[in-house]
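# Working through the structure, step by step
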Amino acid sequence: MKTQATKTAVLPEYPAAPALSPLALEKALDLIKTQFAAQLADELNLHKVSAPLLVKRGSGLNDDLNGSERPVHFAAPALDHQTLEIVHSLAKWKRLKLARLGLPAGQGILTNMRAIRADEVLSSLHSLFVDQWDWEKVIRPEERSLDVLKDAVRAIYRALLATAALVDKELPGLAPQLPHEITFVHTEDLQRTYPHLSPKQREDAIAKALGAVFLIGIGGRLQGGEPHDGRAPDYDDWSSPSVGGYQGLNGDILLWNEPLGRAFELSSMGIRVDAGTLQRQLAIRGCQERAALPFHAALLAGELPQTLGGGIGQSRLCMFLLGRRHIGEVQASLWPDQMADDCVRKGLQLL
């Protein structure tokens with residue numbers, strides 16, 4: 001759908017994927033979402049739960065992303081004119097949910113997250129509307145380790161491979177070829193390997209070389225002085241030692257997207273902060289005042305379980321497995337006229 005907007009990125013010059021009828025496309029989207037959710041829940045021992053679209057401003061529950069994005073908000077007369085925010089993600093809400101459910105270590109939750117990110121720069125990969133599987137799992141405090149994180153990454157990748165195999169069976173020739181295993185690379189090693197490239201260029205280079213990568217350690221400063229990318233200070237642990245003196249118990253799953261000729265981020269995930277890590281990261285970012293917010297206070301008081309979790313893009317997964325060149329081909333959203341017209345010229349059909 002077209003609309004007027006200004007913050008957009010230029011679309012790459014790549015041919016359209018093999019055509020599917022509108023109904024065949026909808027059935028393919030349902031197949032992928034149903035299959036992957038079932039595989040993921042089985043691999044990680046997750047229970048499906050419902051999720052909120054709104055949270056109260058000032059609760060500390062909304063995801064701050066990189067710290068500059070504005071949440072969509074409004075005053076609700078029915079709730080004494082309290083200001084409500086549409087979620088950016090459910091990174092912190094999930095931990096509260098697990099505390100309420102009282103799940104033991106080894107079990108977790110899976111939910112369909114819907115969000116609006118008003119400040120997103122629109123492109124073939126980024127929309128104002130975000131849909132993802134949000135998952136969170138209880139772990140024991142002694143399991144705050146890189147090995148536990150890697151096991152979860154491998155489980156997600158197995159779910160991805162199983163879903164890709166089903167798509168290839170039902171729609172031969174659409175699903176891309178993936179390596180049998182995902183490779184783990186730390187951002188420090190990536191910087192050493194490609195010292196003259198920008199962080200995003202490094203991601204492109206390593207994803208092209210390996211096909212599927214889990215990039216460890218995102219949010220903390222690298223030895224060069226700058227972080228690989230931004231992360232909020234109050235959910236992922238990006239400052240604890242992991243291996244070889246490096247920092248970070250979090251990361252991103254990156255796949256090589258041949259049609260787009262670039263790295264393709266499918267998931268962001270990590271071991272979540274404990275009380276000590278939260279205090280340290282709030283101090284690093286100079287936002288210690290957050291410690292007084294309800295979520296943060298509960299965490300510091302030991303009222304929340306230790307967890308591991310993340311988000312996996314639903315439209316992104318569909319886009320990747322169906323060989324689509326634009327996220328609007330698999331997601332009903334709004335696009336500026338220039339981008340929509342450009343898609344038509346390139347043979348891309350936006351929903």
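Here the structure is shown first, and the text comes after it.
The structure reproduced in this document is the subject of the present report. All figures in this text were calculated on a predicted structure; none of them were measured in a lab.

Moving on: the packing of aromatic side chains. A full pass over the atoms with the stated rule returns three aromatic pairs. Centre to centre, the rings of Phe-36 and Trp-133 are 4.9 Å apart; their planes meet at 50°, and the pair counts as tilted. Taken together, the positions of Phe-36 in helix α1 (residues 22-44) and Trp-133 in strand β7 (residues 129-138) put the pair 97 residues apart, joining distant regions of the chain. Note on Phe-36: relative accessible area 0%, which makes it buried.

The subject of this paragraph is the side chain of Arg-144. Here Arg-144 shows up in the loop between β7 and α3 (146-170). On the basis of relative accessible area, Arg-144 is assigned to the buried category, the value being 17%. Within the structure, Arg-144 has its side chain in polar contact with the backbone oxygen of Arg-272 (distance 2.6 Å). Ignoring anything within four residues of it in the chain, the contact list for Arg-144 reads Ile-139, Asp-237, Ser-240, Leu-249, Ile-271, Arg-272, Val-273, Asp-274, Thr-277 and Gln-306.

Summarising the element assignment, Phe-129 is placed in strand β7. Residue Phe-129 is classed as partly exposed on the basis of its relative accessible area, which comes to 27%. Along the backbone, Phe-129 and Ile-116 are 13 residues apart, and their C-alpha atoms lie at a distance of 4.8 Å. In this structure Phe-129 touches Arg-114, Ala-115, Gln-331, Ala-332 and Ser-333, once residues within four positions along its chain are discounted.

Thresholds, definitions, all that
- Here, residues in each chain are numbered from 1, in the same order as that chain's written sequence.
- Predicted model: local features are reported for residues with pLDDT of at least 70 only, side-chain atom pairs are reported and counted for 80 or more only, and whole-chain, interface and lining totals are derived from all residues.
- The side-chain figures draw on all heavy atoms in the structure; neither hydrogens nor water molecules are used.
- Any two rings among Phe, Tyr and Trp, with Trp reduced to its six-membered ring, count as a pair given centres within 6.5 Å; such a pair is stacked if its planes are under 30 degrees apart, edge-to-face if over 60, and tilted if neither.
- Strands are runs of DSSP state E lasting at least 2 residues, helices are runs of H or I lasting at least 4, and numbering of each runs from the N terminus.
- For each residue, the accessible area found with a 1.4 Å probe, counting protein chains only, is set against the maximum for its type, and the residue is called buried under 20%, exposed over 50%, and partly exposed in between.
- Any pair of nitrogen or oxygen atoms within 3.5 Å is treated as a polar contact; in protein, a donor-acceptor pairing is required on top of that, and neighbouring residues in sequence qualify only through side-chain atoms on both sides.
- We call two residues in contact when some of their heavy atoms are within 4.5 Å.

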